[in-house]
Structure formats: structure tokens, C-alpha cells
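The residues making up each chain are set out below.
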Amino acid sequence: MTKIAAEYINIELLTPWEHNPRKNDHAVNEVKQSIERFGFASPIIVRKSDNVIIAGHTRWKAAQEIGLKEVPVRFMDLDAVDSQLLAIADNKLNERAKWDENLLEKVIGELAGEDFSGLGFQDDELENLINNLNDTDTKEENEELPELEEEVHSKEGEIYELG
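Each value, and the rule that gives it
Residues numbered from 1 in each chain as written. Predicted model: local features only at pLDDT ≥ 70, side-chain atom pairs only at ≥ 80, totals over all residues. Heavy atoms only, no water. Pairing = 2+ DSSP bridges. Helix = DSSP H or I, 4+ residues; strand = E, 2+ residues; numbered from the N terminus. Axes fitted to C-alpha atoms, helices over the stretch in contact; angles between N-to-C directions. Contact = heavy atoms within 4.5 Å. Buried < 20%, exposed > 50% of the residue type's maximum accessible area, 1.4 Å probe, protein only. Polar contact = N/O pair within 3.5 Å; in protein donor to acceptor, adjacent residues only side chain to side chain. Phe/Tyr/Trp six-rings, centres within 6.5 Å; stacked < 30°, edge-to-face > 60°. Core = buried A, V, L, I, M, F, W, Y, C linked by side-chain atoms within 4.5 Å. Salt bridge = Lys/Arg side-chain N within 4 Å of Asp/Glu carboxyl O.

**Digging into the sheet that holds strand β1 (residues 7-10)**
(1) Moving on: Pairing within the open sheet is mixed, and its four strands lie in the order β1-β4-β2-β3. Edge strands, defined here as strands with exactly one partner in the open sheet, are β1 and β3 (53-55). Averaged over all neighbouring strand pairs, the angle between strand axes comes to 55°, with direction disregarded.
(2) Moving on: Here four bridges tie β1 to strand β4 (residues 70-76), and the two strands are oriented antiparallel to one another. Residue Glu-7 lies in a different strand from β4, and its bridge partner there is Val-73.
(3) Moving on: Together, β2 (44-47), β3 and β4 form the strand contacts of helix α2 (residues 57-66), whose direction differs from that of β3 by roughly 120°.
(4) Moving on: This element, helix α3 (residues 80-96), spans β2, β3 and β4 of the sheet and lies at about 35° to β3.

**Looking at the environment of Glu-125**
(1) Moving on: Mapped onto the fold, Glu-125 is located in helix α5 (residues 123-142).
(2) Moving on: In this structure Glu-125 comes out as partly exposed when scored by relative accessible area, which is 36%.
(3) Moving on: In this structure the side chain of Glu-125 is engaged in a polar contact, spanning 2.7 Å, whose partner is the backbone nitrogen of Gln-122.

**Side note on the packing of aromatic side chains**
(1) Moving on: Considering all chains together, one arrives at one aromatic pair under this definition.
(2) Moving on: Judged by centre distance (5.8 Å) and plane angle (45°), the rings of Trp-99 and Phe-121 are tilted. Of this pair, Trp-99 sits in the loop between α3 and α4 (101-110) while Phe-121 sits in the loop between α4 and α5; the two residues are 22 residues apart in sequence, bridging distant segments of the chain.

**So, the nonpolar core**
Most often, soluble globular proteins have nonpolar side chains that are buried together.
(1) Moving on: Membership of the largest hydrophobic core comes to 14 residues, with the highest contact counts inside it found for Leu-14, Ile-44 and Val-71.
(2) Moving on: At the level of secondary structure, the elements contributing two or more residues to this core comprise α1 (28-38), β2, α2 and β4.
(3) Moving on: Broken down by element, the residue count for this core peaks at three residues, all from α2.
(4) Moving on: Setting aside residues up to four positions removed in sequence, Val-71 forms contacts with Glu-7, Tyr-8, Ile-9, Ile-11, Leu-14, Phe-40, Ile-44 and Ala-63.
(5) Moving on: In terms of nonpolar packing, the next biggest core, distinct from the first, is built from six residues, Trp-17, Val-52, Ile-54 and Ala-55 among them.

**Concerning the pattern of salt bridges**
(1) Moving on: Within this structure, the stated rule accounts for six salt bridges.
(2) Moving on: Lys-32 serves as the salt-bridge partner of Glu-65, at 3.9 Å between the closest nitrogen and oxygen. Highlighted residues: Glu-65 in helix α2 and Lys-32 in helix α1, separated in sequence by 33 residues.
(3) Moving on: We note a salt bridge from Arg-47 to Asp-50, for which the minimum N-O separation is 2.7 Å.
(4) Moving on: Look at Asp-50 and you get partly exposed, because its relative accessible area is 35%.

**Re the pairing of β2**
(1) Moving on: Taking every second residue as pointing to the same face, both faces of β2 are buried, with Ile-44 and Val-46 on one and Ile-45 and Arg-47 on the other.
(2) Moving on: Relative to β3, β2 runs antiparallel, the two being bridged by two bridges. By the bridge assignment for β3, Ile-45 is matched with Ala-55.
(3) Moving on: Here β2 folds back onto β3, and the loop between the two strands holds five residues, one of which, Asn-51, carries a positive phi near 65°.

What follows is the structure, encoded as C-alpha cells:
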């Protein structure tokens, strides 16, 4: 049996949760840029019984600004209490994840020269990541090598057993 993860619904049928404690207006423009560039990667999570948005208020606002008539929605059959708990968990659990700064610098460095719009990073953040990577590369290149020993202890043809 195939389950549908999301379906496209008229945006006007959705109602934002009036008690959403997450302040997201400052993030709408960046999410809008991401949706315009990559499309809708994650559906809006909506309570099945009344079309109230559980998670995805920022995506919903961005879609409205873009002028989308339909948005991808994942309906959840939850009561009001569980809907509120999921809304809080969805936002709070996203805060738990941390960046592996070294790996992020490496990935961003490999993509240097690409268009970074729609990623959610400010220009100065991207510059710092790239500069940190360049600084690390320069440090590794400039590390001093140990001095060579004057006296050679091995002879041609000698076999050494290691370990």
C-alpha cells in the first residue's frame, strides 16, 4: 500500500495556528528565496480535522508572498493537544542539531564560486567559513617539517620488520 507523504492544497484553505509561539517574520524572506530557488523541499504540516497549520508557518508565509496558489501539505490526524505539542517539538528539536564546523567549512569551500542564495547564510557567515578553510589550508602548508638527520642508519637492501 502506497502512502502519500504530501498533497498539493489550495493555500487559502490553510489556517495558521493563532497561538504559534515561534516568531518567524524575520525569516520569511530567506525561506522565500529558498523556495524560489529549490522548490518546496518540506511540506507544511496541517491538522486534518480543521486545516490548522502545525508546522511550516514560515513556509506558508513565504508561499503567500511568492503568490503560490497551492502548497504541499502533510495532513496529520492529531487532536488539538498533540498538534500543539508537535508544533513545539518541531521547532525546538531543530535547535538541537549543531553544525560540524570543520565539515561545513570543507563543503562550502568545495562549492566556493557557486551561487549561495537561498541557503539561509548571511554573506559574512559564508566569507568566514571560506576564510577559515583557507586559513587552515595555509597553516597546513606552512607547517614546519622536521630536520633531516645527518647520519643515515639504513643500508641499501636492508629489510625492516615493523609492528
